[in-house]
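Residues per chain are reported as follows:
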Amino acid sequence: QVQLMESGGGLVQAGGSLRLSCAASGSIFSINTMGWYRQAPGKPRGLVAAITEGGTTNYVDSVKGRFTISRDNAKNTVYLQMNNLKPEDTAVYYCNAGAIPRQTLRYREVWGQGTLVTISS
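Asks: With reference to specific residues and values, describe the side chain of Arg 38.
Replies: Of note, Arg 38 is situated in strand β4 (residues 28-39). Note on Arg 38: relative accessible area 15%, which makes it buried. One polar contact links Arg 38 to Asp 89, side chain to side chain, over a distance of 3.0 Å. Contacts of Arg 38, omitting those with residues within four sequence positions, involve Pro 44, Arg 45, Gly 46, Val 48, Ser 62, Val 63, Phe 67, Asp 89, Ala 91, Val 92 and Tyr 93.

Asks: Just give me the short version of the nonpolar core, but keep the residues and values in it.
Replies: Counting residues in hydrophobic clusters, the biggest one holds 30 residues, and the most contacted among them are Trp 36, Leu 80, Met 82 and Tyr 93. Top element by residues in this core is strand β9 (residues 91-101). It accounts for 5 residues. Those residues within four positions of Met 82 in sequence are excluded, and the remaining contacts are Gly 16, Ser 17, Leu 18, Leu 20, Arg 66, Phe 67, Tyr 93 and Val 117.

Asks: Tell me about the sheet that holds strand β7 (residues 67-72), and please be specific about residues and values.
Replies: Paired through their backbone hydrogen bonds, the strands of a sheet run either parallel or antiparallel. Strand order in the open sheet made by the 4 strands is β1-β3-β8-β7, with antiparallel pairing throughout. Edge positions in the open sheet fall to β1 (2-7) and β7, since each of these has one partner strand only. Adjacent strand axes in the sheet meet at a mean angle of 15° when their direction is disregarded. Summarising the sheet, β1 and strand β3 (residues 18-26) pair through 6 bridges and their orientation is antiparallel.

Asks: Can you explain the pattern of salt bridges? Please cite residues and give values.
Replies: For side chains of opposite charge, pairing can occur when their charged atoms come near one another. Evaluation of the coordinates by the stated rule reveals 3 salt bridges. A salt bridge links Arg 66 to Asp 89; its shortest N-O distance comes to 2.7 Å. Of this pair, Arg 66 sits in the loop between β6 (57-59) and β7 while Asp 89 sits in the loop between β8 (77-82) and β9, and the two are 23 residues apart along the sequence. Across this residue pair, the class does not change: Arg 66 and Asp 89 are buried. Each of Arg 38, Arg 66 and Asp 89 takes part in a single network of salt bridges with overlapping partners.

Asks: Could you give me a rundown of unusual backbone geometry, with the residues and numbers involved?
Replies: Of note in this structure, Asn 84 is not a glycine but carries a positive phi near 50°. Relative to the elements of secondary structure, Asn 84 occurs in the loop between β8 and β9. What makes Asn 84 partly exposed here is its relative accessible area of 43%. Phi is positive for Leu 105, which is not a glycine, with a value near 55°. Checked against the element boundaries, Leu 105 lands in the loop between β9 and β10 (108-111).

Asks: Which residues make up the pairing of strand β11 (residues 115-120), and what are the values?
Replies: Two faces belong to every sheet, and in a regular strand the side chains alternate between them. Every second residue of β11 is oriented toward a common face, the buried set being Thr 115, Val 117 and Ile 119 and the non-buried set Leu 116, Thr 118 and Ser 120. Inspection of the sheet shows strand β2 (residues 10-13) paired to β11 by 4 bridges, in the parallel sense. Counterpart to Val 12 in the pairing with β11 is Ile 119.

Asks: Please give an account of the side chain of Arg 71 that cites residues and values.
Replies: When you line up the elements, Arg 71 lands in strand β7. Comment: no salt bridge for buried Arg 71; closest opposite-charge side chain is Glu 53, at 5.5 Å. A polar contact of 2.7 Å, which involves the side chain of Arg 71, links it to the backbone oxygen of Asn 32. A polar contact of 3.2 Å, which involves the side chain of Arg 71, links it to the backbone oxygen of Thr 52. Not counting the four nearest positions on each side in its chain, Arg 71 is found in contact with Ile 31, Asn 32, Thr 33, Met 34, Ile 51, Thr 52, Glu 53, Thr 77, Val 78 and Tyr 79.

Parameters and conventions
The numbering scheme is per chain: residues are counted from 1 as the chain's sequence reads. It should be noted that, the model being predicted, local features are given only for residues of pLDDT at least 70 and side-chain atom pairs only at 80 or more, the latter also being counted only at that level, while totals for whole chains, interfaces and linings use all residues. Hydrogens and waters are ignored; side-chain quantities use all the structure's heavy atoms. A run of H or I in DSSP counts as a helix once it spans at least four residues, and a run of E counts as a strand once it spans at least two, with each numbered from the N terminus. Classification of residues uses two cut-offs on accessible area relative to the type maximum, computed with a 1.4 Å probe and protein chains only: under 20% is buried, over 50% is exposed, and between them is partly exposed. Polar contacts here mean pairs of N or O atoms no more than 3.5 Å apart (in protein, one a potential hydrogen donor and the other a potential acceptor; neighbouring residues in sequence count only if both atoms are side-chain atoms). Whether two residues are in contact is decided by their heavy atoms, any of which lying within 4.5 Å being enough. To qualify as a nonpolar core, a set must consist of buried Ala, Val, Leu, Ile, Met, Phe, Trp, Tyr and Cys residues joined through side-chain atoms within 4.5 Å. Strands are treated as partners if at least two bridges between them are detected by DSSP. What counts as an axis is a line fitted to C-alpha atoms, over the stretch in contact for a helix, and the angles between N-to-C directions run from 0 to 180 degrees. The rule for a salt bridge is simple: a side-chain nitrogen of Lys or Arg has to be within 4 Å of a carboxyl oxygen of Asp or Glu. For the purpose of charge, His is not counted, nor are the chain termini; Lys and Arg are scored as positive and Asp and Glu as negative.

The analysis is restricted to geometry; functional conclusions fall outside its scope.
Structure representation (structure tokens):
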């Protein structure tokens, strides 16, 4: 199986920065697109940013110019650098990956457990 482990959440003041990391582990044949989603209280989970294996990125409009997604394919790790954070960025951030485990060679979507990001005004 493939597991995702996030780290880097926390409490920062508005205007500050945080860097989230998410490492995939397990018996991995390949990992395709990786991304970050977030869910604020009372709101549905939504895409923040995604990156393909080749490095093509996609961002939700509200974070463009402030957040940067990147990945290290050798380490099966995806990062989210978040700058100029705003109170409305407060949410639980979830890592997501499209993975193919060695045992099954069948594509499946994997989620991390989530990490809380809180921005104070």
